[in-house]
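# Breakdown of the fold
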Amino acid sequence: SQQGEEDPQALSIQEGENATMNCSYKTSINNLQWYRQNSGRGLVHLILIRSNEREKHSGRLRVTLDTSKKSSSLLITASRAADTASYFCATVTGGGNKLTFGTGTQLKVEL
Amino acid sequence: SAVISQKPSRDICQRGTSLTIQCQVDSQVTMMFWYRQQPGQSLTLIATANQGSEATYESGFVIDKFPISRPNLTFSTLTVSNMSPEDSSIYLCSASATGPSPSGANVLTFGAGSRLTVL
């Protein structure tokens, strides 16, 4: 079953705008990761945030984690057409090594 | 990070037949996983491919339907057996170069996927 629910399901913005997508999960986690999937391709790891971290940055990406609300958000600043893709959160729980993926957000960045 | 090659990239198969998907990693990896992704949907873990032993299947997936091999640290196969149209999906191979850690930091690299259509 899905651990993460993401919203919005779809997001359309203009180039240069910021895009924010949210992920909620159900059980305690070790870490939460965000992946990008371009149409017809595999997933690419973007960023990982551990359960004891609250915010993390990588280039134009900013991830926050609120373990009390069991939620995370991914912010992409100054979006580009090349950011058009589906974005998935994924969680690792317990002492395991498996990732459970959320439902995904389809981002479209228009010129 | 590792580079994963999957083949075939796509195939159209007849009901009742079987198809084997190959996954080759360019370096030795600890963990390999097989996921299924139906069009426009999220990923569902099928199984963990264990080197030299039987795969570990998730609930709802069985070895008779999805036999998996992993003869070494760089290669794995997934077979979709006795296919039906419901098996039409994208099958994704993934790998982690590091084993499970106390922090559970298991970052995955994915192949491009194998798009399977069953008629």
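Residues numbered from 1 in each chain as written. Chains lettered and ligands numbered in written order. Predicted model: local features only at pLDDT ≥ 70, side-chain atom pairs only at ≥ 80, totals over all residues. Heavy atoms only, no water.

## Section: the side chain of Arg36 of chain B
This is how the line gets drawn: Only DSSP runs of H or I reaching four residues or more are called helices, and only runs of E reaching two or more are called strands; each is numbered from the N terminus. Note on contacts: a residue pair qualifies if any of its non-hydrogen atoms lie within 4.5 Å across the two residues.
Looking at the secondary structure, you find Arg36 of chain B in strand β4 (residues 31-37). Once residues within four sequence positions are removed from consideration, Arg36 of chain B is found in contact with Ser42, Leu43, Thr44, Ile46, Phe61, Phe66, Asp87, Ser89, Ile90 and Tyr91 of chain B.

## A word on the interface of chain A and chain B
Which entries qualify depends on this criterion: Two parts placed together each lose some accessible area; with a 1.4 Å probe, that loss summed over both constitutes the buried area. When a carboxyl oxygen of Asp or Glu is within 4 Å of a side-chain nitrogen of Lys or Arg, the pair counts as a salt bridge. Under the rule applied, a polar contact is a pair of N or O atoms within 3.5 Å (in protein, one hydrogen donor and one hydrogen acceptor; residues adjacent in sequence only if both atoms are side-chain atoms). Asp, Glu, Lys and Arg are counted as charged, while Ala, Val, Leu, Ile, Met, Phe, Trp, Tyr, Cys and Pro are counted as nonpolar; the rest, among them Gly, fall into the polar class.
In this assembly, 23 residues from chain A lie in contact with 24 residues from chain B. Note on chain A versus chain B: buried area summed over both sides is about 1700 Å², and carbon and sulfur give 52% of it. Area buried by chain A at its contact with chain B is led by Leu43, Asn97 and Lys98 of chain A, which between them contribute 29% of it. Residues Glu58 of chain B and Lys98 of chain A are paired through a salt bridge, measuring 3.1 Å at the closest nitrogen-oxygen approach. Where chain A meets chain B, there are six residue pairs in polar contact (both at pLDDT 80 or more). Classifying every residue of the side of chain A that touches chain B by side-chain character gives seven nonpolar, 13 polar and three charged.

## Regarding the sheet that holds strand β3 (residues 19-25) of chain B
All names here are of chain B. Which entries qualify depends on this criterion: Paired strands, as defined in this entry, are two strands with at least two bridges between them according to DSSP. Interaxial angles span 0 to 180 degrees and are taken between N-to-C directions of axes, which are lines fitted to C-alpha atoms, for helices over the stretch in contact.
Across the sheet, which stays open at both edges, the four strands sit in the order β1-β3-β8-β7 with antiparallel pairing between neighbours. Single-partner strands in this sheet number two, and they are β1 (4-7) and β7 (68-72). Between one strand axis and the next, the sheet turns by 15° as a mean value, whatever way the strands run.

## Considering the pattern of salt bridges
Residue and element names in this part refer to chain A. Applicable threshold: Between buried and exposed lies partly exposed: a residue is buried under 20% and exposed over 50% of the maximum accessible area for its type, with that area taken using a 1.4 Å probe on protein chains only.
Across all of its chains, the model carries five salt bridges over all chains by this definition. The shortest N-O distance in the salt bridge between Lys56 and Glu53 comes to 3.9 Å. Given the relative accessible area of 23%, Glu53 is considered partly exposed.

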